[in-house]
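# Commentary on secondary and tertiary structure
Letter by letter, the chains look like this.
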Amino acid sequence: MIPAAFDYVRAGSAAEAISLIGEHGEDAKFLAGGMSLLPLMKLRLATPSVLVDLGRVRDLSYVRDAGDHLAIGALTRHRDLETSDLLAKECGVLRAVAAQVGDNQVRHRGTIGGSVAHGDPASDLPAALLALDATFVLQGPGGSRSVGANDFFKGFLETALAPDELLTEIQVRKSGAAGFAYEKFNRRAQDWAIVGALAARVNGGTHVALVNMGAIVLRARAVENALEQGASATDAAREAAVGTDPPSDLNASTEYRTHLAQVLVRRALEAI
Amino acid sequence: MRIGTTVNGAAQDHEVEPRTLLVQYLREACGLTGTKIGCDTSSCGACTVLLDGESVKSCTMLAAQADGAAITTIEGLAQGEKWHPVQTAFHENHGLQCGYCTAGMVLAAVSLLDEIPNPTEQDVRLGLEGNLCRCTGYHNIVKSVLAAAETMRGAK
Ligand SMILES: Cc1cc2nc3c(=O)[nH]c(=O)nc-3n(C[C@H](O)[C@H](O)[C@H](O)COP(=O)(O)OP(=O)(O)OC[C@H]3O[C@@H](n4cnc5c(N)ncnc54)[C@H](O)[C@@H]3O)c2cc1C
Ligand code: FES
Ligand code: FES
């Protein structure tokens, strides 16, 4: 399967990428690792007229200690996250979740920025970033702005990014080496989660995020509130599907996903 | 557009369309048909090659993205008549049946052993999760990779 024809341009820097995308208009798209975009293009579900390749924007690949938080470049590959010593010490959850994305080949190419910008509710890292209350730095022709994870994911494959904006950096708080659990349920090792549940101790509280339980990655607020009021893990987990809208597809029905969310949240809570 | 790469140590320079996939480039422009297309949907790993030493699925990458890179395909693993230890291990441990997944399996294994030189059986099984074998010869594939790891450690 071969994508529909397009023009290909390569950006050497973030500024150049933004100016190229502006120049080529609405039908142009950024290409990072290509692990989500190229499969869609091969199926012709996406037919951009121009690809602006970010692969050479090397200065957006980093994990840095920025004092009170960690700063992660949007083009940092899953592979670099899962082997980062800094993450192991300061944000173990992100390292562990990155190691669960796809397979080795996918992690050698795919980037955290691409994962976030794609806005797929079935993806792993966005759920972790939602639980961590991450901040996303978006750069456009008029300058840069910061958007919290809570306001970033808008709908299925839809985010707060404007077509001419580049996600440049992800900022997360330091949450330590441990104190998290990610229950990813799938049928084949390399697959996306049928449902995923992530629990993490953040800032003295417990945050819970859900994968593939609606059009976007979700926080299980009802669970978090129940825990705050002293509920046990078992009781709090019963609230896991409150406010969700799980899809029904070849892998699982809505009812089965609802059940899975409760079981996986309980397991995650019991593990932290 | 013009794409220049080094494939198995030799310089390649071809005019290709931007939408040319790396696997097509290798098979059609470079004439190296050892790399197989299995699923063509990023799932099976039959098309795995090494890009600057790391395993990638060449059906899910543009040739344009590989411009300037060093690529290793199954044709480039042996040193003359001398097989790579992973190739020898697949041969000795019956690590293939029909052989369709083998080029991808071998290259995924080379990349895996570069990252984890001393893997457990679980490391190998997880490390090869992106490679499917329709003949389901997984036990002997895992055995082969563990045997290769031992040979390669011995050689160091
Ligand atoms: C076989 C397979 C299995 C997978 N399994 C999983 C899994 O289990 N869990 C999981 O979470 N993911 C999985 N993935 C997806 C993987 O995580 C991708 O790496 C990720 O979703 C996209 O990252 P990318 O860098 O490849 O982005 P691309 O595919 O290059 O881009 C994705 C989208 O984001 C946009 N974009 C990219 N970077 C930026 C940026 N910096 N600023 C603005 N827009 C940008 C692009 O224009 C495009 O629309 C899998 C992929 C494959 C092929
Ligand atoms: S042919 Fe590339 S992954 Fe199957
Ligand atoms: S040996 Fe036949 S597909 Fe693996």
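What you see is a predicted model, and the numbers here were worked out from it, not measured in a lab. (Residues numbered from 1 in each chain as written. Chains lettered and ligands numbered in written order. Predicted model: local features only at pLDDT ≥ 70, side-chain atom pairs only at ≥ 80, totals over all residues.)

Moving on: the overall build of chain A. Broken down by element type, chain A carries 12 helices and 14 strands. On the principal axes, the C-alpha backbone points of chain A span a range of 55 × 45 × 30 Å. With 272 residues in all, chain A has 53% of them scored as buried. Put simply, of all contacts in chain A between residues at least 6 apart along the chain, 61% involve residues at least 24 apart. (Helix = DSSP H or I, 4+ residues; strand = E, 2+ residues; numbered from the N terminus. Buried ≥ 20, exposed ≤ 12 C-beta atoms within 10 Å, placed from the backbone. Contact = placed C-beta atoms within 7 Å.)

Residues and elements named next belong to chain B. In this model helix H5 (residues 138-155) runs 26 Å from its N-terminal to its C-terminal C-alpha over 18 residues, within 8% of the 26 Å that 1.5 Å per residue would give. Taken together, the buried positions of H5 are Ile141, Val142, Ser144, Val145, Ala148 and Ala149. Considered in projection along H5, the buried side chains sweep an arc of 155° and stay on one side of the axis. Exposed residues on H5 whose side chains face more than 90 degrees from its buried face are His139 and Gly154. Where H5 is buried, its residues touch helix H2 (85-92), helix H3 (102-115) and helix H4 (121-127). (Expected span 1.5 Å × (residues − 1). Arc of directions from axis to C-beta.)

With 21 residues of chain A in contact, the opposing surface of chain B contributes 25 residues. Taken together, the elements giving at least two residues each to the side of chain A that touches chain B come down to strand E1 (7-10), helix H2 (37-42) and helix H6 (104-109) of chain A. Considering every element that reaches the side of chain A that touches chain B, the biggest residue donor is H6 of chain A, with 5 residues. For the side of chain A that touches chain B, a count of residues per class yields 11 nonpolar, 6 polar and 4 charged. (Nonpolar A, V, L, I, M, F, W, Y, C, P; charged D, E, K, R; others polar.)

Below, the discussion takes up the domain arrangement of chain B. All names here are of chain B. Domain annotation for chain B reports domain 1 (2-76) and domain 2 (85-155). Taking only C-alpha atoms into account, the centre of domain 1 sits 21 Å from that of domain 2. Tallying the contact residues gives 16 residues for domain 1 and 13 residues for domain 2. Contributions of two or more residues to the side of domain 1 that touches domain 2 are made by strand E3 (48-51) and strand E4 (54-57). (Domains from an automatic or database assignment.)

To continue, consider the environment of Val195 of chain A. All names here are of chain A. Mapped onto the elements, Val195 comes out in strand E12 (residues 195-202). Taking C-alpha positions, Val195 is 6.6 Å from Ala261, a pair spaced 66 residues apart along the chain. Sequence-distant contacts of Val195, defined by excluding residues within four places in its chain, comprise Phe185, Val211, Asn212, Met213, Arg257, Leu260, Ala261 and Leu264.

Let's shift gears to the site of ligand 1. In the region of ligand 1, 33 residues are neighbours, and Gly33, Gly102, Gly110, Gly114 and Ser123 of chain A sit closest. The element contributing the most residues to the shell around ligand 1 is helix H7 (residues 112-118) of chain A, with 5 residues. (Near = placed C-beta within 6 Å.)

Attention now goes to the sheet that holds strand E14 (residues 218-219) of chain A. Strand order in the open sheet made by the 4 strands is E11-E12-E13-E14 (chain A), with antiparallel pairing throughout. Both edges of this open sheet fall to strand E11 (180-185) and E14 of chain A, since each of them pairs with a single strand only. (Pairing = 2+ DSSP bridges.)

Of note in this structure, Leu157 of chain A is not a glycine but carries a positive phi near 55°. Here Leu157 of chain A is to be found in the loop between strand E8 (153-155) and strand E9 (158-159). The class for Leu157 of chain A is partly exposed, based on 16 C-beta atoms found within 10 Å. Although it is not a glycine, Asp52 of chain B adopts a positive phi angle of roughly 45°. Mapped onto the secondary structure, Asp52 of chain B falls in the loop between E3 and E4.

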